[in-house]
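Geometric and topological summary
Given next are the chains, with one letter for each unit.
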Amino acid sequence: MDLVKDLVKDLSDEIEDYTHRFNTEDQLEWNLVLQEVAAFIEADPVMVLNDDNTVVVTSKRLVEGGVPQLEQGMIVGQLTLADALIIGNCSNQVKFSELTIDMFRMLQALEREPVNLATQMNKPGMLEPSEKPAKRENPHKYLLYKPTFSQLYTFLSAAFKELPANSVLLMYLSATGVFPTGRSDYEGPYDFGGVLTNSNRDILNGETVHKRNQAHKEMHCLHPGDLYPFTRKPLFVVVDSSNSVAYKNFTNLFGQPVVCLLSPTVYPKNMQGMRLLLTF
């Protein structure tokens, strides 16, 4: 982190020198970039207070020996995470360019900590110097910031098509909730609302979305029913939204493994002001 701060300071000095030397009109834009970087660094890494009130900086990357042990009788190696779609569209969230803080944290959570090859070589039972080390396997990731529905479906379809056998597709949705406007006689997968992947309409109070025509659904809302065709292959969905409960009754139609992990919709009073920095 000290190295990052030094790089940011160097960037700030270069921008100041650039704007003074050439008297440019884009100084405000560069200042905005610095503000985003500063806010991003302040929000990450996550700091955890222990019982003795000491601050511990945690890494979200997978480390050797840091994965919980499987329960007795569980079989490892049946399915492998191959592709992941990381989608971000939370209003007023800390971000840098088109990377929000929650997208960044999920990106880190799907990466293994780089291994020092020289250290690994010296461990008993490891590769001989003449052998080539196995490639470090991490899932292929798509980062989508405020995608339209057509863009989202294009990348989702591509990931679904290229998904290898015995593999899982992960989809992380961090987006503003779209709530149903009323109850209907038949409550199907499009009647509980969903999450807004592209903010093309006005958002009130940071969360609630009001449609101009109450009879129609929100154009860029991703409903649970939109994902049903992709449950023909193993699917892991993580919904981080104020309306995550829309996916509570996610239906498994084709008998393939399906997991839907939902974020809380209500936070403790002492943490409500930290919503922009939280990742469940």
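Fair warning: this is a prediction, and the values are worked out from it, not measured in the lab.

Calculation notes
Residues numbered from 1 in each chain as written. Predicted model: local features only at pLDDT ≥ 70, side-chain atom pairs only at ≥ 80, totals over all residues. Heavy atoms only, no water. Buried < 20%, exposed > 50% of the residue type's maximum accessible area, 1.4 Å probe, protein only. Helix = DSSP H or I, 4+ residues; strand = E, 2+ residues; numbered from the N terminus. Contact = heavy atoms within 4.5 Å. Phe/Tyr/Trp six-rings, centres within 6.5 Å; stacked < 30°, edge-to-face > 60°. Lys NZ or Arg CZ within 6 Å of the ring centre and 35° of its normal. Salt bridge = Lys/Arg side-chain N within 4 Å of Asp/Glu carboxyl O. Core = buried A, V, L, I, M, F, W, Y, C linked by side-chain atoms within 4.5 Å. Polar contact = N/O pair within 3.5 Å; in protein donor to acceptor, adjacent residues only side chain to side chain.

**Examining helix α3 (residues 101-109)**
Where burial is concerned, most of α3 is hidden: seven out of the nine residues are buried. Structurally, α3 contributes buried residues whose contacts are with α2 (27-43), β3 (80-89), β4 (95-96), β5 (99-100), β6 (140-145) and β7 (167-178).

**A closer look at the packing of aromatic side chains**
Overall, the coordinates contain six aromatic pairs when judged by the stated rule. Aromatic pair Y153 and F230: ring centres 5.3 Å apart, planes at 85°, arrangement edge-to-face. A residue pair is termed long-range when its members are at least 10 positions apart, and Y153 in helix α5 (residues 149-162) and F230 in the loop between β11 (221-222) and β12 (235-240) qualify at 77 residues. With a centroid separation of 5.5 Å and an interplanar angle of 80°, the aromatic rings of F160 and F230 are classed as edge-to-face. Linking F160 in helix α5 with F230 in the loop between β11 and β12, this pair joins segments that are 70 residues apart in sequence. Ring pairing ties together the aromatic residues F149, Y153, F160 and F230, which thus form one cluster. Stacked on the ring of F160, the Lys or Arg K233 has its end atom at 4.7 Å from the ring centre.

**Structural notes on the pattern of salt bridges**
For the structure on display, the rule yields two salt bridges. Taking the shortest distance from any N to any O, the salt bridge between D13 and K9 comes out at 3.3 Å. Residue D13 and its partner K9 are located together in helix α1 (residues 2-22), separated by four residues, close to a single helical turn. Judged by its relative accessible area of 37%, D13 is partly exposed. Its relative accessible area of 52% is what places K9 among the exposed residues. Here E111 and K141 are joined by a salt bridge, their closest N and O atoms 2.8 Å apart. Linking E111 in the loop between α3 and α4 (117-121) with K141 in strand β6, this pair joins segments that are 30 residues apart in sequence. Across this residue pair, the class does not change: E111 and K141 are buried.

**Details of the nonpolar core**
L85, M171, L173, L222, L227 and Y247 are the most contacted members of the largest nonpolar core, which has 25 residues in total. Secondary-structure elements contributing two or more residues to this core are β3, β6, α5, β7 and β12. Filtering out sequence-adjacent residues up to four positions away, M171 remains in contact with L85, I87, L152, L156, L222, L227, F236, V237 and V238. Membership of the second largest hydrophobic core comes to 10 residues, among which are I86, L107, L170 and V238.

**What to know about the environment of D226**
Following the sequence through the fold, D226 ends up in the loop between β11 and β12. Owing to a relative accessible area of 7%, D226 belongs among the buried residues under this scheme. It is 8.3 Å that separates the C-alpha atoms of D226 and Y190, two residues lying 36 residues apart in sequence. With sequence-adjacent residues up to four places away left out, D226 is seen in contact with F149, Y153, Y190 and C221. Of note is the side chain of D226, whose polar atom sits 2.8 Å from the backbone nitrogen of H223.

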